[in-house]
Amino acid sequence: MIVVGLLFPSFISMAIYRKRSGETGIGWQSMLVRFGIYVLLNTWIVQALLTYLFGQGDITESALTSFPFFTKYVVLASLIAVILPYVEEIVRKCIGVSVSFNADDGKKENEKK
């Protein structure tokens, strides 16, 4: 149950990402990295919500073996997993970073002198 609880919601995120991006020829390495990032973010966000919003600070890995908690965790993680690809898309559209390199070797300064 632990593996299902931690990994299954990220499959939802991956499915939504692939559907929204339309990328079909992506290599398995990049998909594995993206899946790992979704697992990390999903687990972190759900743990933060459970700890700070719902006040359940004593949650350990063994709590996922309890069926009532497992059900609540998977439902919350699935909701976050549905939202996460849309948030990523919004952030990608609104925030852009560009890096440019200039191969100036100082010839222009030497020509002016």
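What this report covers is the structure whose coordinates are included nearby. (Residues numbered from 1 in each chain as written. Predicted model: local features only at pLDDT ≥ 70, side-chain atom pairs only at ≥ 80, totals over all residues. Heavy atoms only, no water.)

**So, the overall build of the chain**
For step 1, the next point in the chain: Check the secondary structure of the chain and you find 4 helices and 0 strands.
For step 2, the next point in the chain: For the chain, the sequential pattern of α-helices and β-strands runs α-α-α-α.
For step 3, the next point in the chain: The C-alpha atoms of the chain give a radius of gyration of 21 Å, which is well past the 13 Å a tight globule of 113 residues would have.
For step 4, the next point in the chain: Counting only C-alpha atoms and orienting by the principal axes, one finds that the chain spans roughly 80 × 35 × 25 Å.
For step 5, the next point in the chain: Total accessible area on the chain is roughly 8,500 Å²; 65% of this is exposed by carbon and sulfur atoms.
For step 6, the next point in the chain: For the chain, the centre of its 11 positive side-chain charges and the centre of its 9 negative side-chain charges are spaced 7 Å apart. (Helix = DSSP H or I, 4+ residues; strand = E, 2+ residues; numbered from the N terminus. Rg over C-alpha atoms; globule rule 2.2 N^0.38 Å. Areas by Shrake-Rupley, 256 points an atom, 1.4 Å probe, with all protein chains shown as cover. Lys, Arg positive; Asp, Glu negative; His and termini not counted. Charge placed at Lys NZ, Arg CZ, Asp CG, Glu CD.)

**Overview of the nonpolar core**
For step 1, the next point in the chain: Counting 11 residues, the largest nonpolar core is built from Val46, Leu50, Ile59, Leu64, Phe69, Phe70, Tyr73, Val74, Leu76, Ala77 and Ile80.
For step 2, the next point in the chain: Mapped onto this core, the elements with two or more residues apiece are helix H2 (28-53) and helix H3 (67-94).
For step 3, the next point in the chain: With 7 residues, H3 is the single largest residue contributor to this core.
For step 4, the next point in the chain: Dropping the residues within four chain positions of it, Phe70 is found in contact with Met1, Val4, Gly5, Ala63 and Leu64.
For step 5, the next point in the chain: Of all hydrophobic cores here, the second largest spans 7 residues; its members include Met14, Tyr17, Met31 and Tyr38. (Core = buried A, V, L, I, M, F, W, Y, C linked by side-chain atoms within 4.5 Å. Buried < 20%, exposed > 50% of the residue type's maximum accessible area, 1.4 Å probe, protein only. Contact = heavy atoms within 4.5 Å.)

**Observations regarding the pattern of salt bridges**
For step 1, the next point in the chain: Evaluation of the coordinates by the stated rule reveals 4 salt bridges.
For step 2, the next point in the chain: The salt bridge partner of Glu88 is Arg92, with a shortest N-O separation of 3.1 Å. Of this pair, Glu88 and Arg92 are both found in helix H3, 4 residues apart, which corresponds to roughly one turn of the helix.
For step 3, the next point in the chain: Under the relative-accessibility criterion, Glu88 is labelled buried at 17%.
For step 4, the next point in the chain: Residues joined by salt bridges that share partners form a network here, namely Arg20, Glu89 and Lys93. (Salt bridge = Lys/Arg side-chain N within 4 Å of Asp/Glu carboxyl O.)

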